[in-house]
Amino acid sequence: MPATRSLRPPPAPDPAPLVPFRQFLLKIHSRCDLACDYCYMYEAADQSWRGRPRRMELDTVRRTAALIADHAREHRQSEVRIVLHGGEPLLVGARHLDELLGILTGALDGVAAPRFVLQTNGVRLGRDPGLLEVLDRYGVRVGVSLDGTAADHDRHRRRPDGRGSHAATVRALDLLAAGPHRHLYAGVLCVVDLAADPVETYEALLTHTPPRLDLLLPHATWDAPPPGLADRTAPPDRPPDPPSGPTPYGDWLCAVFDRWYGAPRRETGIRLFEEIMVLLLGGTARSESVGLTPVDLVVVETDGTIEQADSLKVSYPGAPETGLDVFRHTFADAALHPAFRARQRGTAGLGTVCRACPRARVCGGGLYAHRYRPGDEPSFSAPSVYCEDLALLVDHIADRVRRDVARLADAPDHRTDSPDHPEAVAR
């Protein structure tokens, strides 16, 4: 009997343009020396870290470096961003870190300039001076996680024995903020905590003179709502216009925005606010948290598996998986993977509620992981679990910017070509 041929038509080609990767996040160590209670790596649904090697071995680094170079060469990229992450990446130690960075730098020599960034809790940085020497040698910019005041930080970011980590983190920030390593200081990442006063948190962070702040909403989904909002389990069925439910995270962020925006001089940058302002004014953002810029970041785990953004670990076991790895596949294979393509379609990649929302181009539906609700098809098609908070924040910033633009438009013309300008009168 002849074989029966499937009558199912082949899948339609994806109309979205192919987006090459420009950011490569390497999980160089899969364990951590802190036990933060909100950690999406160790406390959330996906527990794949348990079966992974502790560190990325050099053979894996070599294969990954070669693939990054191939990808950059294929797409004629003059530079690539390489993020060293964990767990706690500095647990690899100074010697392994030096070898790892040397391999990556060598593979990209003559192909693309590597822009290295490392995210750390800072505990090891103040303990091992050799680490800073290695980071300086390769120009690795360093971001440090700090959650505001000592009391607020130590409420969540504790060592496994329960002791706080604030003092150790501050020692690392002191090393970065002053002296010969200031040029490595990328900024501070802070997780929003409703129990902490927003303005007090911001001003505590300012004491460490960060070049930039990242304010991160706790990773949450409709299946696992954020702290303080246990009843937030059903997404809205229409755009929140205006927001009507409780918006504690939006209120918190608006309070920080007003303090930051209203300062008589620029004290630091805050990525979330700056990117919302850019989007409101018609620009594009590079953040995953807001906007509709196609995703260009790929993750390589310690064992060489290629995955999506690790924030997806909060969704369900296996959420970031692609089935690819650096030993059998390339980043070209990953770029064609449906999971990445789904996040490169702009407005068309949003659910029906988000597509109908006037803020969609700015908020972009929020962080992809925060849209997850069990049973939805396609997955991640719900609005963000922070939908109303984001709506409040976008509207609040838009109102402030609109008023300032209107004042600027109504102000006297101070250009030198104005007939009333002193220089024009003199001419």
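It should be emphasised that the depicted structure is a prediction, and the values quoted were computed from it without experimental measurement.

Quick notes on the rules
- Residues numbered from 1 in each chain as written.
- Predicted model: local features only at pLDDT ≥ 70, side-chain atom pairs only at ≥ 80, totals over all residues.
- Heavy atoms only, no water.
- Helix = DSSP H or I, 4+ residues; strand = E, 2+ residues; numbered from the N terminus.
- Rg over C-alpha atoms; globule rule 2.2 N^0.38 Å.
- Buried < 20%, exposed > 50% of the residue type's maximum accessible area, 1.4 Å probe, protein only.
- Contact = heavy atoms within 4.5 Å.
- Areas by Shrake-Rupley, 256 points an atom, 1.4 Å probe, with all protein chains shown as cover.
- Lys, Arg positive; Asp, Glu negative; His and termini not counted.
- Charge placed at Lys NZ, Arg CZ, Asp CG, Glu CD.
- 1 Å grid on protein atoms, 1.4 Å probe; cavity = no way out; pocket = protein on both sides within 12 Å on 5 of 7 lines; lining within 4 Å.
- Points joined across faces, edges and corners; volume = space filled by probe spheres on them.
- Nonpolar A, V, L, I, M, F, W, Y, C, P; charged D, E, K, R; others polar.
- Core = buried A, V, L, I, M, F, W, Y, C linked by side-chain atoms within 4.5 Å.
- pLDDT = per-residue confidence, 0-100.
- Axes fitted to C-alpha atoms, helices over the stretch in contact; angles between N-to-C directions.
- Parallel < 35°, antiparallel > 145°, perpendicular 65-115°, else oblique.
- Salt bridge = Lys/Arg side-chain N within 4 Å of Asp/Glu carboxyl O.
- Polar contact = N/O pair within 3.5 Å; in protein donor to acceptor, adjacent residues only side chain to side chain.
- Pairing = 2+ DSSP bridges.

(A) Expanded view of the overall build of the protein chain. On a plain count of helices and strands, the protein chain comes out with 14 helices and ten strands. Against the globule reference of 22 Å for 427 residues, the protein chain gives a C-alpha radius of gyration of 23 Å, in line with a compact fold. Principal-axis analysis of the C-alpha atoms gives the protein chain an extent of 90 × 60 × 55 Å. Taken over 427 residues, the protein chain has a buried fraction of 52%. Of the contacts formed within the protein chain by residues at least 6 apart in sequence, a portion of 74% connects residues at least 24 apart. For the protein chain, the accessible area works out to roughly 19900 Å², and carbon and sulfur atoms hold 53% of it. Charged side chains of the protein chain number 51 positive and 57 negative; the gap between the two group centres comes to 4 Å.

(B) Fine view of empty space enclosed by the protein. Within this structure, the stated rule accounts for one cavity of 30 Å³ or more. Computed from the structure, the largest cavity encloses a volume of approximately 120 Å³. In terms of lining residues, the largest cavity is bounded by 15 residues, among which Pro240, Cys354, Cys357, Cys363 and Cys387 are the most central. Contributions of two or more residues to the lining of the largest cavity are made by helix H11 (352-355), helix H12 (360-363) and helix H13 (387-410). A total of three residues in the lining of the largest cavity trace back to one element, the largest contributor, which is H13. Looking at side-chain class alone, the lining of the largest cavity contains eleven nonpolar, three polar and one charged residues.

(C) A look at the nonpolar core. The biggest cluster of nonpolar side chains holds 87 residues, and the ones touching the most others in it are Leu97 and Phe273. Sequence-distant contacts of phenylalanine 273, defined by excluding residues within four places in its chain, comprise Leu215, Leu253, Val256, Phe257, Trp260, Leu393 and Ile397. If you look at the next biggest cluster of nonpolar residues, it comprises 17 residues, including Tyr42, Leu312, Val314 and Tyr372.

(D) Summary view of the confidence of the model for the protein chain. In this model, the protein chain carries a mean pLDDT of 92, and residues with pLDDT of at least 70 account for 93%. For residues 1-11, every residue scores under 50 in pLDDT, and the model assigns this stretch zero contacts once sequence neighbours within four places are set aside.

(E) The layout of surface pockets, seen in detail. Here the second largest pocket defines a volume of roughly 370 Å³. Contributing to the lining of the second largest pocket are 19 residues, with Ala342, Tyr368, Pro378, Ser379 and Phe380 lying nearest its centre. For the lining of the second largest pocket, the per-class residue count stands at eleven nonpolar, five polar and three charged.

(F) Examining the packing of helix H2 (residues 93-108) against helix H3 (residues 129-137) more closely. Axis separation between H2 and H3 bottoms out at 9 Å; the angle between their running directions is 10°. One finds that H2 runs roughly parallel with respect to H3. Between H2 and H3, the contacting residues are Gly93, Ala94, Leu97, Asp98 and Leu101 on the first element and Gly130, Leu131, Val134, Leu135 and Arg137 on the second. Looking at the contact of H2 with H3, its residues break down into six nonpolar, two polar and two charged.

(G) Seen up close, the pattern of salt bridges. Taken as a whole and judged by the stated rule, the model has 32 salt bridges. A salt bridge links arginine 52 to glutamate 301; the shortest N-O distance between them is 3.5 Å. Of the two residues, arginine 52 sits in the loop between strand E1 (23-27) and helix H1 (58-74) while glutamate 301 sits in the loop between strand E8 (297-300) and strand E9 (305-307), which places them 249 residues apart along the sequence. Both residues of the pair, arginine 52 and glutamate 301, count as buried. Salt-bridge contacts for arginine 373 lead to aspartate 376; the nearest nitrogen and oxygen are separated by 2.9 Å. Taking relative accessible area as the criterion, arginine 373 reaches 31% and is therefore assigned partly exposed. Several salt bridges share partner residues, and in doing so they unite Asp46, Arg52, Glu301, Asp303, Glu307 and Lys313 into one network.

(H) Spatial organisation of H3. For H3, the full list of buried residues reads Gly130, Leu131, Leu132, Val134 and Leu135. Contact partners of the buried residues in H3: H2, strand E3 (113-120), strand E4 (141-145) and helix H5 (166-177). Structurally, the start of H3 carries an N-cap: the backbone nitrogen of glycine 130 is 3.0 Å from a side-chain oxygen of aspartate 128. Just downstream of H3, glycine 139 is the residue with a positive phi angle, here 65°.

(I) View of the sheet that holds strand E10 (residues 321-325). Within the open sheet, the ten strands sit side by side as E7-E6-E5-E4-E3-E2-E1-E8-E9-E10. Their pairing is mixed. Both outer strands of the open sheet, strand E7 (269-270) and E10, are each paired with one neighbouring strand and no more. In this structure, E3 lies alongside E4, joined through four bridges in parallel fashion. Its bridge partner lying in E4, glutamine 119 is registered against glycine 143.

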